[in-house]
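Listed here are the chains, written in short residue letters.
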Amino acid sequence: MAVSTNTILICAGGACISAGEKSVKQVLEEKLREYALDGVVRVVETGCMGACDLGPIVAVFPEGVYYQKVNTENVKKIVEEHILKGRVVEEMLFEGPQGKIAAEVYEEHPFFKKQVKIATRNLGIIDPMNIDEYIARDGYFALTKVLTEMTPEQVIEVVKKSGLRGRGGAGFPTGLKWEFTRKSQSDKKFVVCNADEGDPGAFMDRSILEGDPHTVLEAMTIAGYAIGGQKGYIYVRAEYPLAIERLKNAINQAREYGFLGENILGTGFSFDIEIRIGAGAFVCGEETALINSIEGKRGQPNVKPPYPAQKGLWGYPTLINNVETFANIPPIIIKGADWFASIGTETSKGTKVFALAGKVKNTGLVEVPMGITLRELIYDIGGGVPNNKKLKAVQTGGPSGGCIPAEYLDTPVDYESLKELGAIMGSGGMIVMDEDTCMVDVAKFFLQFTVDESCGKCTPCREGTRKMLEILEKITRGEGEEEDLEKLEELGKIIIDSSLCGLGQTAPNPVLSTLKYFRDEYEAHVKEKRCPAKVCKDLIRYVIDSEKCVGCTACARVCPVGAISGEVRKAHDIDPEICTRCGSCIEVCRFGAISKVSP
Amino acid sequence: MEKSVCKEHEKLYRELDEFIQEVEGDSSALIEVLHKAQQIFGHLPIEVQEHIAEKLNIPVSKVFGVVTFYSLFTMKPRGKYQIKICLGTACYVKGADKLMDRFKEELEIEEGEVTKDGLFSLHAVRCLGACSMAPVVMIGESDFYGRVTPDEVPKIIRNYKNRGGK
């Protein structure tokens, strides 16, 4: 057997794949073969490494050198310079705000420095298709410990003491949920993993499923033992085919190794897991709707109580936790409740994974201790807002959450603090918005989402959100009236009070929170018929500055409706009657002569 | 001619029946069966729904209810290349709506419609989870395009047109 001297890790997370990871890997392997290195150097596709904006990322071990933005051309240098000659390819190294980061100290990159990885501990380090690599990182050790040394009650006690709360958004204490399900009397019980990650802008669970599927299987089996269950279901979105493929592979491997199935590890405990695939309904993230969907029905929510812990899947007690919650379980069992509880704040223990996106330099997946401030998260880890723009707001919790304005950036990230501000922790989507974002438009965007996704069962949610959307559309068209703002608030409160499930109860949040913090922007739309961020099409005009325009005709050529006229080398003009406000002209103008104005 | 169409159809139904047998006619597997049926037939016309209802021993109304509830199921045919434009928050903030407009303009269809040649259909989809590459377009099940600008749209369409029906 050839001795493997180098291992090359290549990130196969969603963002890196869309940045061309597959072809990079192909060229990398060809190049290795060309130098007869294919037996000596191992290439491993890992889960998401987190720094999605720098992808595709390639890391060379044992040196621990991380290369960013690798393409089919420069990947050859990694083989020819680094692998063959032992010389680090300096120009491809990770770049920080102070320049290139020295090869061995990539952890010093501010993107990684403030992170604490528990749920995502194996992402970007192991090959998710290989169970041995998971085992080598203490995988299935927690399960072994639980099955051979602990009673179910002891397991629940540890989870309770750790202070872990549900990472799906609501933050219910996980240990309590386990205890309730344990106490429900029944000969049949189920464990369900909610992997129906539906919030737009959220890809935490996807990354965990794709990058470390075994951790979910191990945690579900531990949960099964703790509550007295026999079977588990993972409910995954159909939009995540790669996650489904890797889960299927992981389940087969776990069965083969005796970690799943009959008589696990010879202890007499039996537990098996099946995958159920969603079909594109956001409301199925709600636990009772999810149960209906697993049963093959329309995914509409039921009245609670009874809670799933009492009457869930097919009427049997059912424990439902989300992917990230499960991913925290094995480390808690191995390292203990006190260790976990020592991280975070008084009421929010441990870490939270966020998908950082929007107008921020380092987009990607980050895991941070609870209690970190939004400022640290966005500026120290995220690198701040690009193009010297000003940060305007941070949106957390997706369509159920709210917008937090820039003046609250020093708020610690924990369940209670975010809720106080009218936002929520949510499942972990965090979208940064800069001065070019119109808050009314953002609120409208989220309302469109809920209108589409409302299952229709409760009238306030079905009709109320539609009414709110109509009002917002009216406002962004410049036809808003002053009483519209009060109407929005009133409607919002009624929808929150009278909807059955979490979807309706939180749907007005994006509107109410923007109304609270950015009322002046709403008022500008209503009273002055003006969009301060210059986004709402009906309220803006494109104009050409005749001083700056040199008459290059680039804009006139790109305009899809022929709204721009003017002679060559003379200042051009835009006809506002024809212009559709598509913005193509601004993008091609090299002289900064075109701008948007709002009266 | 007609006979061969019939035969082709029979083959498709046989494939579906085999899958139903695999799940042992379990009616709770309805969503899985519908996924499979849509993969086989391309969409879920009422005849296929009736067939499934019969095989799973449940009312057609229940099948219809499920088909119309979930956004991934369709009763209308879709294009050979389904163009899915992510309208998640990150993509929206980075101008995905402009991409959608450009695709509509270039293909001369509205969202949810199919081009006359049956090659393309246009769909707005929920977050595809590649927010760092926003705005994102996915064509078919595996072709990802990140950081797409409206100007790249004609080129993307051309690529698939050149492949034609292949």
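As shown above, the structure is provided for reference.
Please read all numbers here as calculations on a predicted model, not as lab measurements.

A. Here's a closer look at the overall build of chain B. Looking only at helices and strands, chain B has seven helices and four strands in total. Mapped in sequence order, the helices and strands of chain B form the string α-α-α-α-β-α-α-β-β-β-α. Looking at chain B residue by residue over its 166 residues, the buried ones come to 51%. Of the contacts formed within chain B by residues at least 6 apart in sequence, a portion of 60% connects residues at least 24 apart. Put simply, chain B shows about 8,400 Å² of open surface, and 49% of that area lies on carbon and sulfur atoms. Positive and negative side-chain charges of chain B, numbering 23 and 26 respectively, have mean locations separated by a distance of 6 Å.

B. Representation of the packing of aromatic side chains within the structure. All names here are of chain A. Counted under the stated rule, the structure contains 21 aromatic pairs over all chains. Judged by centre distance (5.3 Å) and plane angle (85°), the ring pair of Y134 and Y140 falls under edge-to-face. Each member of the pair Y134 and Y140 is classed as buried. Here a set of aromatic residues connected by ring pairs shows up, and it is made of Y134, Y140, Y257 and F259. In this arrangement the basic side chain of K352 is found over the ring face of F354, its NZ or CZ atom lying 5.7 Å from the centre.

C. Just the environment of V597 of chain A, in detail. Residues and elements named next belong to chain A. Mapping V597 onto the fold places it in strand β19 (residues 594-597). On the basis of relative accessibility, which here comes to 28%, the residue V597 falls in the partly exposed class. With 67 residues separating them in the primary sequence, V597 and R530 have C-alpha atoms 9.2 Å apart. Apart from residues no more than four positions distant in its own chain, V597 is found in contact with K534, L539, I540, R541 and V543.

D. Structural detail: the sheet that holds strand β15 (residues 429-434) of chain A. All names here are of chain A. Pairing within the open sheet is mixed, and its five strands lie in the order β12-β11-β15-β13-β14. Each edge of the open sheet carries a strand with a single partner, namely β12 (364-369) and β14 (402-405). Across the sheet, the mean angle separating the axes of adjacent strands is 30° when strand polarity is ignored. In the sheet, strand β13 (residues 391-396) pairs with β15 via five bridges, with the strands oriented antiparallel. By the bridge assignment, V394 is partnered in β15 with V432. Packing of helix α17 (residues 439-453) onto the sheet brings it into contact with β13, β14 and β15, and relative to β13 it is tilted by some 15°.

E. Main features of the state of the cysteines. Residues and elements named next belong to chain A. By the definition in use, this model includes zero disulfides over all chains. With no disulfide partner, C461 has as its closest neighbouring cysteine sulfur the one in C458, 6.5 Å distant. When its relative accessible area of 7% is taken as the criterion, C461 is described as buried.

F. Here's a closer look at helix α3 (residues 46-56) of chain B. Of the positions making up α3 of chain B, those classed as buried are V48, Q49, H51, I52, A53 and L56 of chain B. Following α3 of chain B by one or two positions, N57 of chain B has its phi on the positive side, about 60°.

G. Structural detail: the interface of chain A and chain B. Opposite the 53 residues of chain A that make contact, chain B presents 40 residues. Note on chain A versus chain B: buried area summed over both sides is about 3,700 Å², and carbon and sulfur give 56% of it. For the pair chain A and chain B, the interface holds two salt bridges. Between R147 of chain B and D53 of chain A there is a salt bridge, with its nearest N and O atoms 2.8 Å apart. The interface formed by chain A and chain B includes 13 residue pairs in polar contact (both at pLDDT 80 or more). Those elements that place two or more of their residues in the side of chain A that touches chain B are α1 (14-18), β9 (272-277), α12 (287-294), β11 (351-358), β15 and α17 of chain A. At six residues, α17 of chain A tops the list of elements feeding residues into the side of chain A that touches chain B.

Conventions we followed
- Residues numbered from 1 in each chain as written.
- Chains lettered and ligands numbered in written order.
- Predicted model: local features only at pLDDT ≥ 70, side-chain atom pairs only at ≥ 80, totals over all residues.
- Heavy atoms only, no water.
- Helix = DSSP H or I, 4+ residues; strand = E, 2+ residues; numbered from the N terminus.
- Buried < 20%, exposed > 50% of the residue type's maximum accessible area, 1.4 Å probe, protein only.
- Contact = heavy atoms within 4.5 Å.
- Areas by Shrake-Rupley, 256 points an atom, 1.4 Å probe, with all protein chains shown as cover.
- Lys, Arg positive; Asp, Glu negative; His and termini not counted.
- Charge placed at Lys NZ, Arg CZ, Asp CG, Glu CD.
- Phe/Tyr/Trp six-rings, centres within 6.5 Å; stacked < 30°, edge-to-face > 60°.
- Lys NZ or Arg CZ within 6 Å of the ring centre and 35° of its normal.
- Pairing = 2+ DSSP bridges.
- Axes fitted to C-alpha atoms, helices over the stretch in contact; angles between N-to-C directions.
- Disulfide = S-S within 2.5 Å.
- Buried area = accessible area lost by both parts, 1.4 Å probe.
- Salt bridge = Lys/Arg side-chain N within 4 Å of Asp/Glu carboxyl O.
- Polar contact = N/O pair within 3.5 Å; in protein donor to acceptor, adjacent residues only side chain to side chain.

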